[in-house]
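Each chain, letter by letter, is given below.
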Amino acid sequence: MNMFASCMITALILLTLPIIMTSTKLYKDKLYPYYVKTATSHAFMISMIPAMMFIYSGQEMVISNWHWMTIQTMKLSMSFKLDYFSMIFVPVALFVTWSIMEFSMWYMHSDPYINRFFKYLLMFLITMMILVTANNMFQLFIGWEGVGIMSFLLIGWWYGRTDANTAALQAILYNRIGDVGFIMAMAWFLLHLNAWDLQQIFMSANDNLNLPLFGLLLAATGKSAQFGLHPWLPSAMEGPTPVSALLHSSTMVVAGVFLLIRFHPLMEQNPTIQTLTLCLGAVTTLFTAICALTQNDIKKIVAFSTSSQLGLMIVTIGINQPYLAFLHICTHAFFKAMLFMCSGSIIHSLNDEQDIRKMGGLFKALPFTTTSLIIGSLALTGMPFLTGFYSKDLIIETANTSNTNAWALLITLIATSMTAAYSTRILFFALLGQPRFTPIISINENNPYLINSIKRLLLGSVFAGYVISHSITPTTIPQMTMPHHLKMAALAVTILGFILALELNLTMQGLKFNHSSHYFKFSNLLGYYPTIMHRLAPKTSLFMSQKSASMLLDHIWLESVLPKSIAFFQMKSSTLVSNQKGLIKLYFFSFMITMALSLSILNYHV
Amino acid sequence: MSMVYINIFLAFILSLMGMLVYRSHLMSSLLCLEGMMLSLFVMMSVTILNNHLTLASMMPIVLLVFAACEAALGLSLLVMVSNTYGTDHVQNLNLLQC
C-alpha cells in the first residue's frame, strides 16, 4: 500500500525533469526529443503500478502535500486526488502521449525548434496531469489555465502564418468565455460552502445548486467546444498534427467533460442541469456531424468528429452516467489520436496536402497507414468488439432505455449515423480510387518512429476497450434487458450511414458538379456560425459606436438641432411663401407710375 | 399752404422719385431714402414749431431714431449683396435664387 503514493508522485516528478533540464546544455542537444519521449514512457510504466493496485483493491487515496496558504477560513493546500477517474486516466493519457511524442519525432524532424516543441508538449502534459489529479478547485484551475496557455502556444507554433495566429487567439477567447463560468462556480462555492476542496463541497451541498453547476457547464462548453463556443476547435487544426492529436482529440478537450464528471455527485441531484447538459450535448453532436459531412480538409473532418464525440460524452453526463462518459473518454483517446496520426502520415507523404479531393489511391501506396485508418474509423463508429463499441454502444443503449428526452435521443442516433457517413467519406476520398495528387511525391512510411507509434495505438484501438471495461470496478449497473430494436439501434443506424455514404459517393463519382444547394452551403460554412459571430457582432458594435459618436453627438446635437435647422427652415419657408422674382426696379417704377397716375386723376376730379 | 411746405414737399417728392427710379446702383436708392427721411424731419419740425404743438415735439427725435434703424438695415442688405457680387449693381439682384 505504501507504493501507491510514492509511485504516483515519482511518475509525476519524472515528467517534470526534462523541463528542469532546459537550463542545462541537454536542451541544446539533438537527443532532447528522445529524452522527453523516454521520460514519458517511463512515467507511463511507473504509473501503471498504482493503476493496477487500484484495479485490484479498489483503494483510493488523497495525497495532501504542502500547505499553501490560508485565506481567512479556507485552507489551500497542494493535494492530489487519486481516485477511480485519475487512476485510469493518467496511464491512458501517458500512453497516448508517449505514442504522439514518438510520432512527432518523425513528423517534426526537420523543424529547427524541435526541442522547444517537445518542451511545450511536455508542459502541456504536466498541466493536464495537474488538472486530472486536482483535489481542490484552485489546483484544477491552475491545470485548466495551463492547458489553455499551452494550447495557445502550440496552435500558433507556425506563427508566421496569420491563420495560425488567428486560430490561437480564437482558442484563447472562446476558452476565456468558459472560464467565466468556472470562476463563477468557484466564487459561489467560496461564498456559500466556504470550500474549494471537492470532499467538502460534496459533503455540505444541500441547497439549490443551479448557479454553480451552470457555471461549470459553461466552463465545459468553452473547453470542450460545445455548441455556442465551438468554432475554435476546427480552427485549431492550424497547429501541427501532433498538437491536434494530443490536445484537440484526446486530452485537452476532454478537460471540460472531466470537470463535469468530477462534480457528478452534485449533478445527480439536479434534473434541470441534467436536462440542459443533455440538450446541449445533443445539439452539439448533431450540428458538428452535419458540418463534418461536407468539409474538404482531412484534419477538419477529424476535428468535427472529435467535437461530435465530445457532444456524445456530454449527452452521457446528461443521462446521469458519468462512469460511461469517462470510459468513452479513455477509449476515444486511442482511436482519435491514431486517426490524427494517420492523417499526419498521409499529409507528410503527399508533401503537405490536406485536401481530400487531392488525395486518392493510397490504399496500395501506404498500406500500414491505410490499415490503421480503417481500423480507427471502424472503432470510431462503434464496430462491435473494437474499442469504441464498449463505450459508445453502451451509451446508446443506456440512452435508449432511460427515461429521457426523446428529441435529444433521436438527434444522437442521427449523429451516430452521420459519424459512419463522414468516416466513409474520408476513407473513400483518401484511400480508394485512382490517385489525384501530383506525380512528384515522396510517399514513405518506412520510419520506425512512425510505424511503432501507430502500431501501439492500433493495438490500443483494438484491445483497450475490452481490457479496460473488464478490469475496472463495477460502478453503475448497465441495462441488461431491452427490446431487440433498441439493442440493434446503434448498429443499424451505423450500417445505414455506411451504406448510404458509400452508395452516394460511388454514384456521384462521374457526374458533373452541380451548383451548391442551400444545405451544402449550410454544412460547408459551419452553419454560418463563425460568419455571424465573428463578423456581425463586432461590426454592429463598431458601427453603433462610430455612428453615435460622430453622427449623433457631433453632427446632430451640436450642429443640426438649432443652427442648421433654423437656417434650413427659414430658407424653405421663404421660397415657399415668396413668389417674387426680385425685379426691384420694375416694382419701384410701377409704384411710381401708379402714384403719378392716381395723383393726376385725383387732381382733375375736384 | 405756404411756400415753405410746398418746397419741402417737393423735396420729398423728388427723393421719392429718386428712390423709385434708379438705374444701376442700390446705394442711390438708399441715399434717396435718407433724403426722404430728411425732408420729412424738416417738414415735421417746421409744422410743430410753427403751430406750437408742444407735446408733439418728441416726434422728430423718434423719427430720427427709426430712420437710423432702417438705414442700418438697408446698409446691411447692401453689404450682403456687395459681399456676394463685389458691386451693388441692381442687375445682380435678378439672379438671387433662394
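These figures come from a predicted structure and were not determined experimentally.

Enquirer: Is there a simple way to explain the overall build of chain A in this structure?
Expert: The number of helices and strands found in chain A is 25 helices and two strands. Along the first, second and third principal axes, the C-alpha set of chain A runs to 145 × 70 × 65 Å. For chain A, with 606 residues in total, the buried portion stands at 53%. Relative to all contacts within chain A whose residues are 6 or more apart in sequence, the contacts with residues 24 or more apart total 81%. For chain A, the accessible surface area stands at approximately 28,100 Å², while carbon and sulfur atoms represent 69% of it. Each charge class in chain A was averaged separately, 33 positive and 22 negative side chains, and the resulting centres sit 10 Å apart.

Enquirer: I tried to follow the overall build of chain B on my own but got confused; where do I start?
Expert: Check the secondary structure of chain B and you find three helices and zero strands. In chain B, the succession of helices and strands from N to C terminus is α-α-α. Computed over the C-alpha atoms, the radius of gyration of chain B is 17 Å, more than 25% above the 13 Å expected from 2.2 N^0.38 for a compact globule of 98 residues. Projecting the C-alpha coordinates of chain B onto the three principal axes gives extents of approximately 50 × 25 × 20 Å. Residue burial in chain B is summarised as follows: out of 98 residues, 29% are buried. Across chain B, every contact between residues at least 6 apart in sequence was considered, and the portion connecting residues at least 24 apart equals 56%. Looking at chain B as shown, the accessible area adds up to about 6,600 Å², and 76% of this sits on carbon and sulfur atoms.

Enquirer: Looking at this structure, I do not really get the packing of aromatic side chains. What am I missing?
Expert: The relative placement of two aromatic rings is captured by the distance of their centres and the angle of their planes. Residue and element names in this part refer to chain A. The full count for this structure, using the stated rule, is 38 aromatic pairs over all chains. Ring geometry for phenylalanine 117 versus tryptophan 157: centroids 5.1 Å apart, planes at 65 degrees, classification edge-to-face. A residue pair is termed long-range when its members are at least 10 positions apart, and phenylalanine 117 in helix H4 (residues 114-132) and tryptophan 157 in the loop between helix H5 (137-155) and helix H6 (162-193) qualify at 40 residues. Pair check on accessibility: phenylalanine 117 and tryptophan 157 agree, each one buried. When the ring of phenylalanine 389 is compared with that of tyrosine 390, the centres are 5.8 Å apart and the planes differ by 75 degrees; the resulting orientation is edge-to-face.

Enquirer: Would you mind showing me how to read the UniProt feature "transmembrane region" in chain B here?
Expert: Residues and elements named next belong to chain B. As recorded in UniProt, the feature "transmembrane region" lies at residues 1-21, 29-49 and 61-81. Here residues 29-49 runs as 100% helix and 0% strand, with 30 Å between its end C-alpha atoms. Secondary structure across residues 61-81 comprises 100% helix and 0% strand; the distance between its end C-alpha atoms is 30 Å.

Enquirer: Looking at this model, I keep getting lost on the nonpolar core. Mind explaining?
Expert: General note: in soluble globular proteins, nonpolar side chains tend to be found buried as a group. Grouped together as the largest cluster of nonpolar side chains are 172 residues, with contacts concentrated most on Phe89 and Phe189 of chain A. Counting residues per element, this core draws most heavily on helix H3 (residues 84-107) of chain A, at 18 residues. The residues touching phenylalanine 89 of chain A, leaving out its near neighbours within four places in the chain, are Met128, Val132, Ser250, Thr251, Val254, Phe258, Phe326, Ile329 and Cys330 of chain A. Core analysis: the next-biggest nonpolar cluster, separate from the first, contains eight residues, Met592 of chain A together with Leu16, Leu33 and Met36 of chain B among them.

Enquirer: What is the right way to look at the environment of glutamine 295 of chain A in this model?
Expert: All names here are of chain A. For glutamine 295, the position within the fold is in the loop between helix H13 (271-292) and helix H14 (298-318). Judged by its relative accessible area of 7%, glutamine 295 falls in the buried class. In this structure the C-alpha to C-alpha distance between glutamine 295 and serine 523, which are 228 residues apart in sequence, comes to 8.0 Å. Beyond its immediate sequence surroundings of up to four residues, glutamine 295 is in contact with Lys300, Ile301, Phe304, Ile356, Arg425, Ser523, Asn524 and Leu526. From its side chain, glutamine 295 meets the backbone oxygen of asparagine 524 in a polar contact 3.3 Å long.

Enquirer: Sorry, what's going on with the side chain of serine 86 of chain A here?
Expert: Position of serine 86 of chain A among the secondary structure elements: in helix H3. Among all residues touching serine 86 of chain A, those that are not within four sequence positions of it are Lys81, Pro91, Val132, Thr133 and Arg262 of chain A.

Enquirer: Explain the pattern of salt bridges here, please?
Expert: Residues and elements named next belong to chain A. Applying the stated criterion across every chain, the model contains nine salt bridges over all chains. Its salt-bridge partner being arginine 176, residue glutamate 145 comes within 2.9 Å of it at the nearest N-O pair. Pair noted here: glutamate 145 is in helix H5 and arginine 176 is in helix H6, with a separation of 31 residues, a long-range link. For glutamate 397, the salt bridge is made with lysine 487, and the minimal N-O distance between the two is 2.8 Å.

Enquirer: Is there a simple way to explain the pairing of strand E1 (residues 61-71) of chain A in this structure?
Expert: Two faces belong to every sheet, and in a regular strand the side chains alternate between them. Residue and element names in this part refer to chain A. With nine bridges connecting them, E1 and strand E2 (residues 74-82) associate as antiparallel partners. Along E2, the bridge assignment pairs threonine 70 with lysine 75. As consecutive antiparallel partners, E1 and E2 are separated by two residues, and within that stretch glutamine 72 has a phi angle of approximately 55 degrees, a positive value.

Enquirer: Honestly, the environment of methionine 74 of chain A in this entry has me stumped. Any pointers?
Expert: All names here are of chain A. You can see methionine 74 is positioned in strand E2. Between the C-alpha atom of methionine 74 and that of glycine 497, which follows or precedes it by 423 residues, the distance is 54 Å. Those residues in contact with methionine 74, other than ones at most four positions away along the chain, are Met69, Leu190, Asn194, Ala195 and Trp196.

Enquirer: Looking at this model, I keep getting lost on the side chain of glutamine 139 of chain A. Mind explaining?
Expert: The residue glutamine 139 of chain A is located in helix H5 in this model. In this structure glutamine 139 of chain A touches Ser77, Met78, Ser79, Phe80, Ile130 and Ala134 of chain A, once residues within four positions along its chain are discounted.

Enquirer: For this particular structure, what's the right way to read the environment of threonine 438 of chain A?
Expert: Along the polypeptide, threonine 438 of chain A turns up in the loop between helix H19 (406-431) and helix H20 (448-471). Here the alpha-carbon distance between threonine 438 of chain A and lysine 358 of chain A, two residues 80 residues apart in the chain, equals 8.4 Å.

Enquirer: Explanation requested: unusual backbone geometry in the structure shown.
Expert: Glycine aside, a negative phi is what most residues show, and trans is what most peptide bonds show. Phi angles above zero are rare outside glycine, and aspartate 352 of chain A is one such case at about 65 degrees. Topologically, aspartate 352 of chain A is positioned in the loop between helix H15 (322-349) and helix H16 (362-365). Given a relative accessible area of 55%, aspartate 352 of chain A falls into the exposed group. In the Ramachandran plot, histidine 52 of chain B falls in the positive-phi region, its phi being about 55 degrees despite a non-glycine side chain. Locating histidine 52 of chain B in the fold gives a position in the loop between helix H2 (26-51) and helix H3 (59-85).

Scoring rules and cut-offs
Residues numbered from 1 in each chain as written. Chains lettered and ligands numbered in written order. Predicted model: local features only at pLDDT ≥ 70, side-chain atom pairs only at ≥ 80, totals over all residues. Heavy atoms only, no water. Helix = DSSP H or I, 4+ residues; strand = E, 2+ residues; numbered from the N terminus. Buried < 20%, exposed > 50% of the residue type's maximum accessible area, 1.4 Å probe, protein only. Contact = heavy atoms within 4.5 Å. Areas by Shrake-Rupley, 256 points an atom, 1.4 Å probe, with all protein chains shown as cover. Lys, Arg positive; Asp, Glu negative; His and termini not counted. Charge placed at Lys NZ, Arg CZ, Asp CG, Glu CD. Rg over C-alpha atoms; globule rule 2.2 N^0.38 Å. Phe/Tyr/Trp six-rings, centres within 6.5 Å; stacked < 30°, edge-to-face > 60°. UniProt positions renumbered as here; feature names shortened; annotations may be inferred. Core = buried A, V, L, I, M, F, W, Y, C linked by side-chain atoms within 4.5 Å. Polar contact = N/O pair within 3.5 Å; in protein donor to acceptor, adjacent residues only side chain to side chain. Salt bridge = Lys/Arg side-chain N within 4 Å of Asp/Glu carboxyl O. Pairing = 2+ DSSP bridges.

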